[in-house]
Amino acid sequence: QVQLVESGGGLVQAGGSLRLSCAASGRTFSMYAMGWFRQAPGKEREFVAAINWSGGSTYYADSVKGRFTISRDNAKNTVYLQMNSLKPEDTAVYYCATSPSTRVAGLTVSYEYDYWGQGTQVTVSS
């Protein structure tokens, strides 16, 4: 059974930083792409970032490009999301997900992912 467990969320002031982690189990982590999505209250879930199986290819939403960095450690079965220069509009529940796709650029839609974590809350105060 595949499990994804996010951690690292919390309350931070605007301009601050957080690093989210997503620990995976139940499948060969290094064979799958990973992604981060977020959902703010009253809004649809939106794509944040994706990374291919090796970590050699990444893709970002325009809204976070230059501020967020996705990375992975296959030895630890963990994917990370380093979030810098946080803004109040980054406030949301952040979810990690895993995908069998090999094309990172196509991983901006939720139906490309087959397993999801439970989410971690990120709140950015102004």
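For the structure, check the block above.
The paragraphs below set out a description of the structure included in this document. (Residues numbered from 1 in each chain as written. Predicted model: local features only at pLDDT ≥ 70, side-chain atom pairs only at ≥ 80, totals over all residues. Heavy atoms only, no water.)

Re the state of the cysteines
Inspection of the entire model under this criterion finds one disulfide. Through a disulfide, Cys 22 is tied to Cys 96; the S-S separation comes to 1.9 Å. Measuring the twist about the S-S bond at about 50°, one finds the Cys 22-Cys 96 disulfide to be right-handed. Within this pair, whereas Cys 22 is found in strand E3 (residues 18-25), its partner Cys 96 is found in strand E9 (residues 92-99), the two being separated by 74 residues in sequence. Here the two residues Cys 22 and Cys 96 agree in accessibility, since each one is buried. (Disulfide = S-S within 2.5 Å. Helix = DSSP H or I, 4+ residues; strand = E, 2+ residues; numbered from the N terminus. Buried < 20%, exposed > 50% of the residue type's maximum accessible area, 1.4 Å probe, protein only.)

Structural notes on the pattern of salt bridges
What the rule picks out here adds up to five salt bridges. Residue Arg 38 pairs with Glu 46 through a salt bridge whose shortest N-O separation is 2.5 Å. Residue class for Glu 46 comes out partly exposed when judged on its relative accessible area of 35%. Between Asp 90 and Arg 38 there is a salt bridge, with the nearest N and O atoms lying 2.9 Å from each other. Placement of the pair is Asp 90 in the loop between strand E8 (78-83) and E9 and Arg 38 in strand E4 (residues 33-39), with a sequence separation of 52 residues. (Salt bridge = Lys/Arg side-chain N within 4 Å of Asp/Glu carboxyl O.)

Looking at the nonpolar core
Of all hydrophobic cores here, the largest spans 34 residues; its most connected members are Trp 36, Leu 81, Met 83 and Tyr 94. Of all the secondary structure elements, the ones that give two or more residues to this core are E3, E4, strand E5 (46-51), strand E7 (68-73), E8, E9 and strand E11 (120-125). Not counting the four nearest positions on each side in its chain, Met 83 is found in contact with Gly 16, Ser 17, Leu 18, Leu 20, Arg 67, Phe 68, Tyr 94 and Val 122. (Core = buried A, V, L, I, M, F, W, Y, C linked by side-chain atoms within 4.5 Å. Contact = heavy atoms within 4.5 Å.)

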